[in-house]
Amino acid sequence: MAPPPSMPAASDRAGPGRDAGDSSSLRLRRAPSADAGDLAGDSSGGLRENGEPQSPTNPPPQEQQQHEMLYYRASAPAHRRVKESPLSSDAIFRQSHAGLLNLCIVVLIAVNSRLIIENLMKYGLLIRAGFWFSARSLGDWPLLMCCLTLPVFPLVALMAEKLITRKLIGEHVVILLHIIITTSAIVYPVVVTLKCDSAVLSGFVLMFLASIMWMKLVSYAHTNYDIRVLSKSTEKGAAYGNYVDPENMKDPTFKSLVYFMLAPTLCYQPTYPQTTCIRKGWVTQQLIKCVVFTGLMGFIIEQYINPIVKNSKHPLKGNFLNAIERVLKLSVPTLYVWLCMFYCFFHLWLNIVAELLCFGDREFYKDWWNAKTVEEYWRMWNMPVHKWIIRHIYFPCIRKGFSRGVAILISFLVSAVFHEICIAVPCHIFKFWAFSGIMFQIPLVFLTRYLHATFKHVMVGNMIFWFFFSIVGQPMCVLLYYHDVMNRQAQASR
């Protein structure tokens, strides 16, 4: 039997008077002083980087067996280099944890299966839609009419752009028109929602669509204004190099406006990167997933969250320990609902819309779950809003001479206002819980940034983010708004 390619043949190494056994013992005597390069021979065999035997490229089974028999002889060294334990602090982030992830999934399935069975045995099936979407909401024509009339505002914005393109109005006039249009696009739904005693979910959907419409209109007006400024500058001989794309310097058209209003983006530009075809089978699969996860969200809300909040007291008025217990008990189901919402909307729904419109840039989120600071989380979890804030709030503030800290403060302030509008208006309650929750992120930004700079190799910031995000923030908001809504409805029924 021939030796492995990395080992010289016995006949090559054995001199006169030596047999194969002598040459074999010679090889083993040399092994302790040999390093990876000595034992490797050529590139087809020897030792790997971790000190284990490297098999020849596609060796015959007999040669592979011979190679292993020589390497694992009792007199061959078992310890050849300095190695770390896989879970040591220096090596833990270089190891794959796929097996531990599978274990966590199995444990989660087992634990939650028991909780589901226990919940069904205790409460029975509690699925109902009255609180979220009732038959009254279907007949609530003001909300429906408001939703159907929202497209009027983009058409008026297009007319304003056409007027200034033809030089029928001045720059100051078109700016004033866009201010009126964008303000009306958000005030109109707010007034209609507050006038109608509708279900919470239908009011939230209307305010969510109105907020998206407002952000798109702001981007549409700001981008077209910037295009006009750049066009005038280039006509005067100013050079912007690669920062100006001729394809995105076109005048606004009805087709580009309609595509922008339907596209899964908040930032307007005349043209977008596009794919070549629509994968109908893929779209069908994503739609099925979307339906399944939406049903799962409804099940968790009705079966778990509602019984917990009904059996609780207002967290700021009752017993402190009881409030902590309710918050901790709510933390897991609210986290599940939020993760399902994120997957349904940012991954499934936005990708479905992008596929149907052949929209090419589908970076709707980044790996926010690995965020080391709160600032990283806000930059990565919602890319459409992040790009809009960077483009239309943050850098315009920087160009106006504001400091970076003031620009961040203004960005969070705008985000806080719209979080409050989307939640408080459908609930008909203005206690500024959502606003305060978003503004509280600012000190967390600086805290987690400091901790990350101090403990560079430990994800302390990531732990703090998950703690405030899933353990404290969301359950507390659910309890606060639920009890305020119930109190309002009780007072209205008297």
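Residues numbered from 1 in each chain as written. Predicted model: local features only at pLDDT ≥ 70, side-chain atom pairs only at ≥ 80, totals over all residues. Heavy atoms only, no water.

Labelled according to an unreviewed UniProt entry, the protein chain appears under the name O-acyltransferase, originating from Zea mays. Its UniProt record gives the protein chain the following Subcellular location (unreviewed entry) comment, quoted word for word: "Endoplasmic reticulum membrane". Looking at the Sequence similarities (unreviewed entry) heading of the UniProt record, one finds this comment for the protein chain: "Belongs to the membrane-bound acyltransferase family. Sterol o-acyltransferase subfamily." (UniProt positions renumbered as here; feature names shortened; annotations may be inferred.)

(A) A look at the overall build of the protein chain. A tally of helices and strands in the protein chain yields 19 helices and 2 strands. Relative to its full complement of 494 residues, the protein chain shows a buried share of 39%. Long-range contacts, defined as pairs at least 24 residues apart, comprise 71% of the intrachain contacts of the protein chain with a sequence gap of at least 6. (Helix = DSSP H or I, 4+ residues; strand = E, 2+ residues; numbered from the N terminus. Buried < 20%, exposed > 50% of the residue type's maximum accessible area, 1.4 Å probe, protein only. Contact = heavy atoms within 4.5 Å.)

(B) Region of interest: the pattern of salt bridges. For the structure on display, the rule yields 8 salt bridges. Between Arg362 and Glu355 there is a salt bridge, with the nearest N and O atoms lying 2.6 Å from each other. For Glu355, a relative accessible area of 2% puts it in the buried group. A salt bridge links Asp361 to Lys387; its shortest N-O distance comes to 3.2 Å. Remark: Lys387 occurs in helix α15 (residues 383-399) and Asp361 occurs in the loop between α13 (320-356) and α14 (374-380); sequence separation between them is 26 residues. Overall, the relative accessible area of 34% leaves Asp361 in the partly exposed class. Taking relative accessible area as the criterion, Lys387 reaches 29% and is therefore assigned partly exposed. (Salt bridge = Lys/Arg side-chain N within 4 Å of Asp/Glu carboxyl O.)

(C) Seen up close, the packing of helix α5 (residues 98-123) against helix α12 (residues 280-310). Where α5 contacts α12, the two axes come as close as 11 Å, and the packing angle between them is 70°. One finds that α5 runs roughly perpendicular with respect to α12. α12 is crossed by α5, and the crossing has left-handed handedness. Where α5 approaches α12, its residues Asn112, Leu115, Ile116, Asn119, Leu120 and Tyr123 are matched on the opposing element by Phe299, Gln303, Tyr304 and Pro307. A per-class count over the contact of α5 with α12 returns 7 nonpolar, 3 polar and no charged. (Axes fitted to C-alpha atoms, helices over the stretch in contact; angles between N-to-C directions. Parallel < 35°, antiparallel > 145°, perpendicular 65-115°, else oblique. Left-handed = near helix turned anticlockwise from the far one by under 90°. Nonpolar A, V, L, I, M, F, W, Y, C, P; charged D, E, K, R; others polar.)

(D) Structural view of the packing of helix α9 (residues 171-195) against helix α16 (residues 404-427). Contact pair α9 / α16: the axes reach a minimum separation of 9 Å and the direction vectors enclose 25°. Between α9 and α16, the interaxial angle falls into the category roughly parallel. Crossing of α9 against α16: the hand is left-handed. Across from Ile186, Val190, Thr193 and Leu194 in α9, the residues of α16 making contact are Phe418, Ile421, Val425 and Pro426. Its residues assigned to classes, the contact of α9 with α16 comprises 7 nonpolar, 1 polar and no charged.

(E) Region of interest: the side chain of Asn351. Relative to the elements of secondary structure, Asn351 occurs in helix α13. By relative accessible area, Asn351 is classed as buried at 10%. Sequence-distant contacts of Asn351, that is, excluding residues within four places in its chain, are made with Trp282, Phe346, Arg362 and Phe364.

(F) Representation of the environment of Trp282 in the model. Its place among the elements puts Trp282 in helix α12. For the pair formed by Trp282 and Glu355, sequence separation is 73 residues and the distance between their alpha carbons is 8.9 Å. Other than its neighbours up to four places away in sequence, Trp282 contacts Asn351, Ile352 and Glu355.

(G) Broad picture of unusual backbone geometry. Positioned with a positive phi, Lys167 is a non-glycine residue whose angle comes to about 60°. By the element assignment, Lys167 lies in the loop between α8 (152-165) and α9. Here Lys167 falls in the exposed class, since its relative accessible area comes to 73%. The phi dihedral of His428 falls on the positive side, at around 60°, and the residue is not glycine. Along the chain, the position of His428 falls in the loop between α16 and α17 (433-439). What makes His428 buried here is its relative accessible area of 17%.

(H) Expanded view of the UniProt feature "active site" (unreviewed entry) in the protein chain. Annotation from UniProt places "active site" (unreviewed entry) at His419. Looking at the element boundaries, His419 is found in helix α16. For His419, a relative accessible area of 30% corresponds to the partly exposed category. The contacts of His419, once residues within four sequence positions are left out, are Ala434 and Ile438. Engagement of the side chain of His419 in a polar contact is seen with the backbone oxygen of Ser415, the distance being 2.8 Å. (Polar contact = N/O pair within 3.5 Å; in protein donor to acceptor, adjacent residues only side chain to side chain.)

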